[in-house]
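Close look at the chain arrangement
Listed below are the residues making up each chain.
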Amino acid sequence: MTQGAAACAAATRAARRPVAALAVLALCAWPCPVAAQPAAARHDAVPTVSLLGAVAVTSPLLTDGNGTRVRLALAPVVGARLRFAGRGSLEPAVTARLGRAGVRLRAGEARWSAGRVLQADLLAGAGWRLHPLVTARAAIGVTWLRGPHDVAPFDASRHPRPTVQAGVSLRRRERARTALEVDAQAFRLAPDPGRAGGVLRVLVGLSRVL
Amino acid sequence: MCSERRRGGGGVRRALGAAALGALACTQPTAPGEAPGYDPTTLTAGRVYHWPLGADVAVYVAPGMDDGALRAAFTHAAAAWTASLRYRELRLRVVATPAEADVVLGYLGDAYPVALDVCRGIAIPAAFTLLCPQGDSAATLPLRAGGGGRVKIAIVVQRDAVGQPGQLEAVVTHELGHALGIGGHSTAAGDVMYTDPHAARPSARDAATLRYVLHQPAAVRL
C-alpha cells in the first residue's frame, strides 16, 4: 500500500470522528486514489468538484496611531472545492481559492492606492446538510497574503497564516448544481512594529458542481 | 484574550465556531503612531508643508556636466527616502523637462532652469532648497525658458562645496528631505538632516520625522 493510500485509508477510518477526519484531510489535501479503495467504497470515494466565484470584502488590515488605515478594495475571488462523500449529513471538503485586490489607504481626508494584493487560501473542512437546500460549512486552513513590500503590513512576515472559515450554501432545488455561498473567514495579522489583530473577510458568490 | 480558544466537548462545529468568533472578537491589527526624531518645522515657523499623500512627485535633474553624478546622487536619495516610508505616501520619478517637474534639482549657475530670486530658501553651506509659501499653498517657481510649468520646489547645490567623496549624496539626500516635507534641521550629527550632513542615508530619526510630518495636516499644501 502506498503512503498516500495509507493516509486515505486512515482518513476513511477517521471519518467517524470529525476532528480526526479534519486533521487527516488538512495533511492529505488531495483526492484519495480511487484504485486503493475497495470496490464497494469506490463510488463514495469519488470527490465532487465545484468551481467557485465570489467577491470578498475585507475589514481593515491595519490602523496606525496617526490615523492611517490600510484596507483592501472589493476583490474578485475564484477557486475550486473537492467534496468527499461522508457519513450521514457530514461532507468533508478541501477548498483552494485565489483573490486579488487593490490596496487602499486613508489618512484623514487623504486617500490613495498602493499596489495590489494576491491572497491564496487552502482550507480543509466539512459541510453539514441542515436542510435539503441548506448546507452549513466550516473549515480551517492557511491563507497567504502577498502585497507590496513597501506598504505595511505586507512588509512584515510573508509566511502563511492560520485561518478559520464558516459559511453556508443555499440551493434553490435539492439537485441544483449551482448554489449561493456566503462565507466569513478570519485570520490574524501581525504588523511590525505593531500589535496583532484579527481580520474578517466576507465572501459572497456562487459555486457550480461540475 | 485573543489567543484563548474554547476547548473540549463541543465537536468540530462548536470548536470552529468558537475559533472564528475568537478571531473576530479580537481588535484590529494596529501600529503605533509615529513620533518625530526632531522638530520638522523649526525653519518654517511651525508650519507644516508636504505633498498630498499618495502623490507622484516629478523631479527634473538638470544636467550638470558631472558625468551623471548629480543624477546618481538623486537616485540614491530618492531610494533612501522612499524606503523609509511605511505606506507608499510618496513616489518620486524623474522627468525629462523642467516644464513637467514639481521639483527641480541642479547646480547653482546660469543654467539653472527656474528663477531663484522669488523668495528665501532653507540653506546649508553646500546647498539650499527654495519653497515659497503663498497662503496655504506654494508659489509656482517661474521657468527661465518661459512657459508656466508647475515647479514648487527648487533644490540648488553649490558645485564647489561638494567635492569630497560621498558629500554630494549626503547633501542631495538632505535637500530632498526638505523637499519632501522636513522643514527643520537635526542637531544630531548622525542624521542626514543635520546642518552639515555627512550621513549617506536617512537615519531612523530622519525616517521617523518624515513619516510623522507627512501625516500632519499641511498648513502649506504643495
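Quick note: structure is the one above.
The structure reproduced in this document is the subject of the present report. (Residues numbered from 1 in each chain as written. Chains lettered and ligands numbered in written order. Predicted model: local features only at pLDDT ≥ 70, side-chain atom pairs only at ≥ 80, totals over all residues. Heavy atoms only, no water.)

Concerning the overall build of chain A
Counting secondary structure elements, chain A contains three helices and ten strands. Here chain A, with 210 residues, has 45% of them falling under the buried criterion. Counting contacts in chain A only where the partners sit at least 6 residues apart, residues at least 24 apart contribute 57% of the total. (Helix = DSSP H or I, 4+ residues; strand = E, 2+ residues; numbered from the N terminus. Buried < 20%, exposed > 50% of the residue type's maximum accessible area, 1.4 Å probe, protein only. Contact = heavy atoms within 4.5 Å.)

Some words on the overall build of chain B
Secondary structure summary: chain B contains four helices and eleven strands in total. Counting all 222 residues of chain B, 52% fall into the buried class. The long-range fraction of contacts in chain B, counting pairs at least 24 apart against all pairs at least 6 apart in sequence, stands at 74%. In the structure as shown, chain B presents an accessible area of about 10,000 Å², 53% of it carried by carbon and sulfur atoms. (Areas by Shrake-Rupley, 256 points an atom, 1.4 Å probe, with all protein chains shown as cover.)

Looking at a nonpolar patch on the surface
All names here are of chain A. A cluster of nonpolar residues, Val55, Val57, Leu74, Leu170, Leu180, Val182, Val202, Val204 and Leu206, forms a patch on the protein surface that exposes about 690 Å² of accessible area. Per-element accounting of the nonpolar patch gives the leading share, three residues, to strand 10 (residues 197–209). In this fold, valine 202 is placed in strand 10. (Patch = residues over 30% accessible without salt bridge, like charges linked within 9 Å, V, L, I, M, F, W, Y side chains within 5 Å. Salt bridge = Lys/Arg side-chain N within 4 Å of Asp/Glu carboxyl O.)

Some points on the nonpolar core
Ranked by size, the top nonpolar core spans 70 residues in total, and within it Phe74, Val157, Val172 and Leu176 of chain B carry the most contacts. Counting residues in each nonpolar core, the second largest holds 18 residues, with Val95, Cys132, Leu143 and Val156 of chain B among its members. (Core = buried A, V, L, I, M, F, W, Y, C linked by side-chain atoms within 4.5 Å.)

Looking at the packing of aromatic side chains
Scanning the model with the defined rule gives zero aromatic pairs over all chains in all. Over the ring of tyrosine 107 of chain B we find arginine 159 of chain B, and its NZ or CZ is 4.3 Å from the ring centre. (Phe/Tyr/Trp six-rings, centres within 6.5 Å; stacked < 30°, edge-to-face > 60°. Lys NZ or Arg CZ within 6 Å of the ring centre and 35° of its normal.)

Some words on the environment of alanine 58 of chain B
All names here are of chain B. When you line up the elements, alanine 58 lands in strand 3 (residues 55–61). Residue alanine 58 is classed as buried on the basis of its relative accessible area, which comes to 0%. Every residue in contact with alanine 58, bar those within four places of it in the chain, is listed here: Arg93, Val95, Glu100, Ala101, Asp102, Val103 and Arg150.

Section: the sheet that holds strand 10 (residues 153–157) of chain B
Residue and element names in this part refer to chain B. Read across the open sheet, the six strands follow the order 4-3-5-10-7-6; overall the sheet is mixed. Strands at the two margins of the open sheet, each flanked by one partner only, are strand 4 (90–94) and strand 6 (122–124). Sheet twist, expressed as the average angle between the axes of neighbouring strands with direction ignored, equals 15°. The sheet strands contacting helix 2 (residues 69–83) are strand 3, strand 4, strand 5 (103–107) and strand 10, and the helix crosses strand 4 at an angle near 165°. (Pairing = 2+ DSSP bridges. Axes fitted to C-alpha atoms, helices over the stretch in contact; angles between N-to-C directions.)

Considerations on unusual backbone geometry
At the junction of alanine 152 of chain A and proline 153 of chain A, the peptide bond is cis and its omega measures out at 5° in the coordinates. When you line up the elements, proline 153 of chain A lands in the loop between strand 7 (134–146) and strand 8 (161–170). Here the bond from aspartate 192 of chain A into proline 193 of chain A is cis, since omega is 5°, no more than 30 degrees from zero. Mapped onto the elements, proline 193 of chain A comes out in the loop between strand 9 (178–189) and strand 10. Phi is positive for alanine 45 of chain B, close to 55°, though the residue is something other than glycine. With respect to the helices, strands and loops of the structure, alanine 45 of chain B is situated in the loop between strand 1 (30–31) and strand 2 (49–50). We note that arginine 88 of chain B has phi near 50°; this positive angle belongs to a residue other than glycine. The topology assignment puts arginine 88 of chain B in the loop between helix 2 and strand 4.

Looking at the pairing of strand 4 (residues 75–83) of chain A
All names here are of chain A. Two elements, strand 1 (residues 48–58) and strand 4, share nine bridges in a ladder whose sense is antiparallel. When the bridges of strand 4 are listed, leucine 51 appears paired with alanine 80. Sheet analysis places strand 4 next to strand 5 (residues 90–107), joined by seven bridges and oriented antiparallel. Considered in strand 5, the bridge of leucine 82 is made with valine 94. Between strand 4 and strand 5, which pair antiparallel one after the other, the connecting turn spans six residues, and glycine 88 there sits at a positive phi close to 60°.

Focus on helix 4 (residues 204–214) of chain B
All names here are of chain B. With eight of eleven residues buried, helix 4 lies mostly within the body of the structure. Of all the positions in helix 4, only Asp206, Ala207, Ala208, Thr209, Leu210, Arg211, Val213 and Leu214 are classed as buried. Packed against the buried residues of helix 4 are strand 2, helix 2, strand 4 and helix 3 (167–180).

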